[in-house]
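Descriptive structure summary
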Amino acid sequence: EPEVTQTPSHQVTQMGQEVILRCVPISNHLYFYWYRQILGQKVEFLVSFYNNEISEKSEIFDDQFSVERPDGSNFTLKIRSTKLEDSAMYFCASLLVESGELFFGEGSRLTVL
Amino acid sequence: RKEVEQDPGPFNVPEGATVAFNCTYSNSASQSFFWYRQDCRKEPKLLMSVYSSGNEDGRFTAQLNRASQYISLLIRDSKLSDSATYLCVVKLSNTGKLIFGQGTTLQVKP
């Protein structure tokens with residue numbers, strides 16, 4: 001069964017460092033998303049991406065965040081200068097348009113020290 | 001008012017019990033509705049879509065009341081493996097973002 005894959009599964013970084021989280025969406029999907037979940041809190045939307053550009057972003061997705069699809073398969077989330085409050089689980093997802101179902105990756109846990 | 005509101009629980013029930021979760025949403029323009037399941041420290045997984053006519057999938061029944069902006073999930077004959085957090089989710093459009101509720105935690109005890 002096709003799945004969304006994410007790397008790394010866990011990253012520990014120092015405050016102020018840059019982090020890149022990687023995702024490989026399901027191959028024939030066209031819409032991609034990043035969500036995050038701070039421990040004990042709800043899943044929050046960060047950004048959606050279609051046709052090589054951002055289609056929607058939330059207030060959380062400020063100038064410290066960027067997304068890219070550099071090579072037609074990987075979909076990356078970059079955090080330029082991490083803050084303590086960026087510690088969370090980051091989920092990538094891709095959309096099966098026909099059913100409206102979003103398929104999530106297993107997540108990348110980011111810990112900022 | 002929260003966009004999607006759920007009772008966080010936890011709901012502690014014995015095996016075999018019937019349990020119901022409720023959810024309300026604030027945006028009347030919401031188009032699509034879902035229940036997702038999330039196990040501890042795992043990704044959300046689609047449990048079922050929710051349709052206006054109501055729909056059933058085995059032991060799970062979902063209902064939608066657009067007039068009241070209310071969604072429900074009924075689980076019959078609870079199993080230990082049903083223990084998880086159940087997320088109420090709405091979308092404004094087919095390709096738009098998912099808006100998640102806080103989740104309702106269910107613990108099924110032997």
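This write-up is about the structure you can find in this document. (Residues numbered from 1 in each chain as written. Chains lettered and ligands numbered in written order. Predicted model: local features only at pLDDT ≥ 70, side-chain atom pairs only at ≥ 80, totals over all residues. Heavy atoms only, no water.)

1. Describing the sheet that holds strand E1 (residues 5-7) of chain A
Residue and element names in this part refer to chain A. Read across the sheet, four strands follow the order E1-E3-E8-E7 without closing on themselves; strand pairing throughout is antiparallel. Of all strands in the sheet, those bounded by a partner on one side alone are E1 and strand E7 (65-68). Each adjacent strand pair in this sheet contributes to an overall mean axis angle of 15°, direction not counted. Taken together, the four bridges between E7 and strand E8 (residues 75-79) define a ladder with antiparallel strand orientation. Bridge pairing in E8 links Glu 68 to Thr 76. (Pairing = 2+ DSSP bridges. Helix = DSSP H or I, 4+ residues; strand = E, 2+ residues; numbered from the N terminus. Axes fitted to C-alpha atoms, helices over the stretch in contact; angles between N-to-C directions.)

2. Side note on the side chain of Gln 38 of chain B
Mapping Gln 38 of chain B onto the fold places it in strand E4 (residues 32-38). For Gln 38 of chain B, a relative accessible area of 7% translates into the label buried. Within the local environment of Gln 38 of chain B, its side chain forms a polar contact with the side chain of Gln 37 of chain A, the two groups lying 2.7 Å apart. Only 2.7 Å separates the side chain of Gln 38 of chain B from the backbone oxygen of Lys 42 of chain B, close enough to count as a polar contact. Other than its neighbours up to four places away in sequence, Gln 38 of chain B contacts Gln 37, Val 43 and Phe 91 of chain A together with Glu 43, Pro 44, Ala 84, Thr 85 and Leu 87 of chain B. (Buried < 20%, exposed > 50% of the residue type's maximum accessible area, 1.4 Å probe, protein only. Polar contact = N/O pair within 3.5 Å; in protein donor to acceptor, adjacent residues only side chain to side chain. Contact = heavy atoms within 4.5 Å.)

3. Quick notes on the pairing of strand E8 (residues 70-75) of chain B
Residues and elements named next belong to chain B. As paired strands, strand E3 (residues 19-25) and E8 are joined by six bridges and run antiparallel to one another. Looking at the pairing, Thr 24 lines up with Tyr 70 of E8. By the bridge criterion, six bridges tie strand E7 (residues 60-65) to E8 in an arrangement that is antiparallel. If you follow Thr 61 over to E8, its bridge partner there is Leu 74. Linking two consecutive strands that pair antiparallel, namely E7 and E8, is a turn of four residues; a positive phi of about 55° is found at Gln 69 within it.

4. Brief notes about the interface of chain B and chain A
Tallying the contact residues gives 17 residues for chain B and 22 residues for chain A. Roughly 1700 Å² of surface becomes buried between chain B and chain A when both sides are summed, with 53% attributable to carbon and sulfur atoms. Looking at the side of chain B facing chain A, the largest losses of area belong to Arg 41, Thr 95 and Lys 97 of chain B, adding up to 29% of the total buried there. At the surface where chain B touches chain A, the tally comes to one salt bridge. For Glu 56 of chain A, the salt bridge identified is with Lys 97 of chain B, shortest N-O distance 3.4 Å. Counting the contacts that link chain B with chain A gives eight residue pairs in polar contact (both at pLDDT 80 or more). Sorting the residues of the side of chain B that touches chain A by element identifies E4 and strand E10 (98-100) of chain B as the ones contributing at least two each. For the side of chain B that touches chain A, the leading source of residues is E4 of chain B, giving three residues. When the residues that make up the side of chain B that touches chain A are grouped by side-chain class, the tally is six nonpolar, six polar and five charged. (Buried area = accessible area lost by both parts, 1.4 Å probe. Salt bridge = Lys/Arg side-chain N within 4 Å of Asp/Glu carboxyl O. Nonpolar A, V, L, I, M, F, W, Y, C, P; charged D, E, K, R; others polar.)

5. A closer look at the sheet that holds E7 of chain B
All names here are of chain B. The strand order across the open sheet built from five strands is E1-E3-E8-E7-E6, with neighbouring strands paired in antiparallel fashion. The sheet is open, and its two edges are formed by strand E1 (4-6) and strand E6 (55-57), each paired on a single side. On average, each strand axis in the sheet is tilted by 20° relative to the strand beside it, whichever way the strands run. Direction of pairing for E6 relative to E7: antiparallel, over a ladder of three bridges. Directly across from Glu 56, in E7, lies its bridge partner Thr 61.

Take it as geometry only, folks, not as evidence of what the structure does.
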